[in-house]
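If you want the building blocks of each chain, they are given just below.
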Amino acid sequence: MASLDSVTTCLSQPVHYAICELGFEKKEIYDINNILSGNREVCWQAVTEHVCYLESDQSVDYIKSIRSLGPVCESVNSYFKSLAKEQFVIQYALWFHWTNCTEVFLEVFDVLQSTQTTEVALGLMKLTSCLERALGDVYLLKGNDCPFLLRDLLASEQLADVFGQAVMNVLRVFIGSPHGLNLRNVLWHGFASPQEIPAKYCAMLLFLTAGLGQLLQTYLLQTKGVLAHRPYVIFISLEELDAFPDLNNEILSIAEELVKLSSFVLKIMLPFWIAALTAFKQSRYADSVILLLPQLEAGLRLLFTTSNKCPNRLLTAESSALYTTFDEMLAKHLENEEVNQLPVVLEEPAMESDFLWDFLNHQEGPRIRDRLSHGEINLETFPREIANQIVGFAITLLCRFSDEDMFSLKEHMVIKPLMNCASCYQSRFHPISRLKKQVLECMKSIHLWPELATVPEEQVQTTKGLEGNAEANTLILMISEIISPLQRYMPQSCCSSDDPINGVLTERLLVELCGTRICTLYSPRPVLEVVAVLRRIGAQCHQASQQVIAGAGLRYTQWLNRTLRSRQRHNYRRMLNSIKFLSPVLRLILLLITLELVSVHSVCKKNPFDYQQYLKFLKSVLQYTENLVTYTSPEKNKWDETMELTKRTLIKIRKISDRKLMLMHLAT
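Predicted, not measured: the structure shown is a model, and the values here were computed from it.

(A) Fine view of the nonpolar core. Ranked by size, the top nonpolar core spans 158 residues in total, and within it Phe80 and Phe174 carry the most contacts. With 13 residues, helix 11 (residues 199-223) is the single largest residue contributor to this core. Counting the residues that make up this core, at least three belong to each of domain 1 (13-223) and domain 2 (238-424). Judged by nonpolar contacts, the second largest core, of 69 residues, contains Cys514, Leu534, Val548 and Leu628.

Okay, structure coming up:
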């Protein structure tokens, strides 16, 4: 590890100069009345005059613009400091309503009165995320598909049409352009320390946000438009995120000691860590996570640059290069195709990466950093459950990278449960993990079939196609023939040889198989392709099961009420006969999906050509399940066709199973 005390900044020399020095070079005192009208509205023309342009192509000259705007920012900061809170609310609160989070901007005003640099940085991060979200809402007045990146949003024609290009250029000096101050990115990616963010830039962005509200009001009056706000992301199934135990004050107090001594924490960033833990104690959960996520990135970047021998990447990149961010640090290979050494340094690489991928990257996960930094989450109602997981994870990293003389703290009785949870963590939002969950949910649905209310057996006449149970016996025999050789790959404690179907195709077996730990980190593309098909198969199976449950319930009620016509009664009998044999077929498919998960990595690696052929087979099974959904739908109710289709599919599965078994054998 690099000497933590020797790191005095994570800003490269040009970026440090732009943020910490350039805007202070002009010593003149700027009169605030030049940019404020008599009724205290923003005079945009006077502001935009400070943006300078290159003679060559009339693009923004960011260096000259930052230098020119420096005194203006200083004047705005002094002006806000001269106002009482009541004055500020009266004069400006109205102009923040367009952001849909007025309270956040009023809090930023309070921050400007503070001397705590961490509060200024936090205020600026919250301001930029809320501003970006609001600008996205404005963009949707004129366009579709709001740009994901702030720089693209600020450069859009849609916002220029509403606010004017000159106004957008002012904003781009402060945020959104890697050539400007780029305040949002250097903070959210953990490059800037608290003392490196001048409060006057926070004040200026607060001022500009109010000015944008004034311009927007004029635009909406002229166009008779209405600004609609996109709904916030709401986190559901929070129990899925539960990885670490609830954090109490005793744990947090130990964490405060670990922060001061852990080699994971850059000393210049220590105030952020202390502020994050304090915010959690004060139940300010959004603030805690906003402060902590950039520091997790900064700490991992320190490990990444040290382990990969690229210390220069600890600093902010210039506009011509990329930042070293989570995405690159979590990748298997570096940009130059060499193997990333960070997992080697981490004692539990799978756990660390799985947790970070789950909470930050996987599309079906909470994607906390993206959603917070882009303003998609209501900060006032941010869930404690999520904050608890992020802080808990951070504490485990502090422990991992603490000196041996911290043994007493690391082995403390309240810390050890966190470390145990960390070592047992398995991905919850990787496609493989979602498939496991999907299989078990589908199996629960199919297990409801025997409990369905049905007419007495004697009232169900034998239907054509199943006379003498010959067809049924054929189906059962084929299922048994498919299952029998697979049993060597199953936990014997979950199988019964007495009944090759009901003794094997059980929920207990699937739970056991789905509990098998599978490495999800760096899954190769062939694996993800197979998993994608398996997930689609599982989804179709579940839908078919739900349709059977709904259809059987409806028909039973109609039977009791004697509202079924003759043809419908006959079709109901076909349904009852058919679902007896559909249940083991669907359970067989779920078993095949689960066994596929257990072997998929090895088979893809050892038999890529054969596996491509097997992928084609899986797509044919997918076609069967899609047809099954169609035939079992209330609109179709084609039960004879369902059984014929099922028979053909079982024949195909039986033919391919021998080939697949050989592949599985080679993989074990």
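Picking up where we left off.
(B) Up close: the packing of aromatic side chains. Using the criterion set out here, one finds 19 aromatic pairs in the structure. Summarising the aromatic geometry, the rings of Phe174 and Tyr201 are spaced 6.0 Å apart at their centres and angled 65° between planes, so their arrangement reads as edge-to-face. Note that Phe174 is positioned in helix 9 (residues 165-174) and Tyr201 in helix 11, a separation of 27 residues in sequence. Like Tyr201, Phe174 is buried. If you follow Lys200 out to its NZ or CZ, it ends over the ring of Phe24, 3.6 Å from the centre. We note Arg301 situated over the ring of Phe191; from NZ or CZ to the ring centre the distance is 3.8 Å.

(C) Highlighting unusual backbone geometry. The backbone of Asn182 shows a phi angle near 55°, a positive value even though the residue is not glycine. Here Asn182 lies in the loop between helix 9 and helix 10 (183-188). For Asn182, a relative accessible area of 4% translates into the label buried. If you check the backbone angles, Arg367 has positive phi at about 45° while not being a glycine. Considering the arrangement of structural elements, one finds Arg367 in the loop between helix 17 (349-361) and helix 18 (368-373).

(D) How the structure looks around the domain arrangement of the protein chain. According to the domain assignment, the protein chain contains domain 1 (13-223), domain 2 (238-424) and domain 3 (431-456 + 470-659). Contacts between domain 2 and domain 3 engage 13 residues on the former and seven residues on the latter. With both chains or domains summed, domain 2 and domain 3 bury close to 840 Å², and 46% of this area falls on carbon and sulfur atoms. Linking domain 2 with domain 3 are three salt bridges.

(E) Spatial organisation of the UniProt feature "domain: DUF4209" (unreviewed entry) in the protein chain. UniProt's entry tags residues 131-211 with the feature "domain: DUF4209" (unreviewed entry), counted in the numbering of this structure. Overall, residues 131-211 shows 62% helix and 0% strand. The separation of its end C-alpha atoms is 12 Å.

(F) Local environment of helix 19 (residues 384-400). Relative to the 24 Å expected for 17 residues at 1.5 Å per residue, helix 19 spans 24 Å between its end C-alpha atoms, a close match to the ideal helical length. When you tally the buried positions in helix 19, you get 15 out of 17 residues, the bulk of the element.

(G) Main features of the environment of Lys619. Relative to the helices and strands, Lys619 resides in helix 27 (residues 608-631). Exposure remark for Lys619: the relative accessible area of 47% places this residue in the partly exposed category. Through-space distance from the C-alpha of Lys619 to that of Cys52 is 59 Å; in sequence the pair is 567 residues apart.

(H) Structural context of the packing of helix 3 (residues 62-82) against helix 4 (residues 85-92). Between helix 3 and helix 4, whose axes approach to 8 Å, the crossing angle comes to 115°. Overall, the two elements helix 3 and helix 4 adopt an arrangement that is roughly perpendicular. Here helix 3 contributes Tyr79, Phe80 and Ser82 to the contact with helix 4, which in turn contributes Gln87, Phe88, Gln91 and Tyr92. Considering only residue class, the contact of helix 3 with helix 4 consists of four nonpolar, three polar and no charged.

(I) Main features of the environment of Asp31. Relative to the helices and strands, Asp31 is located in the loop between helix 1 (13-20) and helix 2 (44-48). Asp31 sits in the partly exposed class, given a relative accessible area of 39%. Taking the C-alpha atoms as reference, Asp31 lies 6.8 Å from Ser75; in sequence the two are 44 residues apart. Separated by 3.0 Å, the side chain of Asp31 and the backbone nitrogen of Asn33 make a polar contact.

(J) Region of the structure containing the environment of Asp61. Here Asp61 is to be found in the loop between helix 2 and helix 3. In the structure, Asp61 is positioned 18 residues away from Tyr79 in sequence and 27 Å away in space, judged by C-alpha atoms.

(K) Expanded view of the pattern of salt bridges. Overall, the coordinates contain 26 salt bridges when judged by the stated rule. Of the charged contacts in the structure, one is a salt bridge between Arg535 and Glu364, with a shortest N-O distance of 2.6 Å. You can see Arg535 sitting in helix 25 (residues 525-560) and its partner Glu364 sitting in the loop between helix 17 and helix 18, a full 171 residues away along the chain. When its relative accessible area of 41% is taken as the criterion, Glu364 is described as partly exposed. The partner of Arg648 in a salt bridge is Glu644, with the nearest N and O atoms 4.0 Å apart. Here the residue Arg648 and the residue Glu644 both occupy positions in helix 28 (residues 639-667), the gap between them amounting to four residues, near one helical turn. Classification of Glu644 as partly exposed rests on a relative accessible area of 38%. Each of the salt bridges in this network shares a partner with another, and the network as a whole consists of Glu107, Lys126, Arg284 and Asp287.

Criteria and cut-off values
Residues numbered from 1 in each chain as written. Predicted model: local features only at pLDDT ≥ 70, side-chain atom pairs only at ≥ 80, totals over all residues. Heavy atoms only, no water. Core = buried A, V, L, I, M, F, W, Y, C linked by side-chain atoms within 4.5 Å. Buried < 20%, exposed > 50% of the residue type's maximum accessible area, 1.4 Å probe, protein only. Helix = DSSP H or I, 4+ residues; strand = E, 2+ residues; numbered from the N terminus. Domains from an automatic or database assignment. Phe/Tyr/Trp six-rings, centres within 6.5 Å; stacked < 30°, edge-to-face > 60°. Lys NZ or Arg CZ within 6 Å of the ring centre and 35° of its normal. Contact = heavy atoms within 4.5 Å. Buried area = accessible area lost by both parts, 1.4 Å probe. Salt bridge = Lys/Arg side-chain N within 4 Å of Asp/Glu carboxyl O. UniProt positions renumbered as here; feature names shortened; annotations may be inferred. Expected span 1.5 Å × (residues − 1). Axes fitted to C-alpha atoms, helices over the stretch in contact; angles between N-to-C directions. Parallel < 35°, antiparallel > 145°, perpendicular 65-115°, else oblique. Nonpolar A, V, L, I, M, F, W, Y, C, P; charged D, E, K, R; others polar. Polar contact = N/O pair within 3.5 Å; in protein donor to acceptor, adjacent residues only side chain to side chain.

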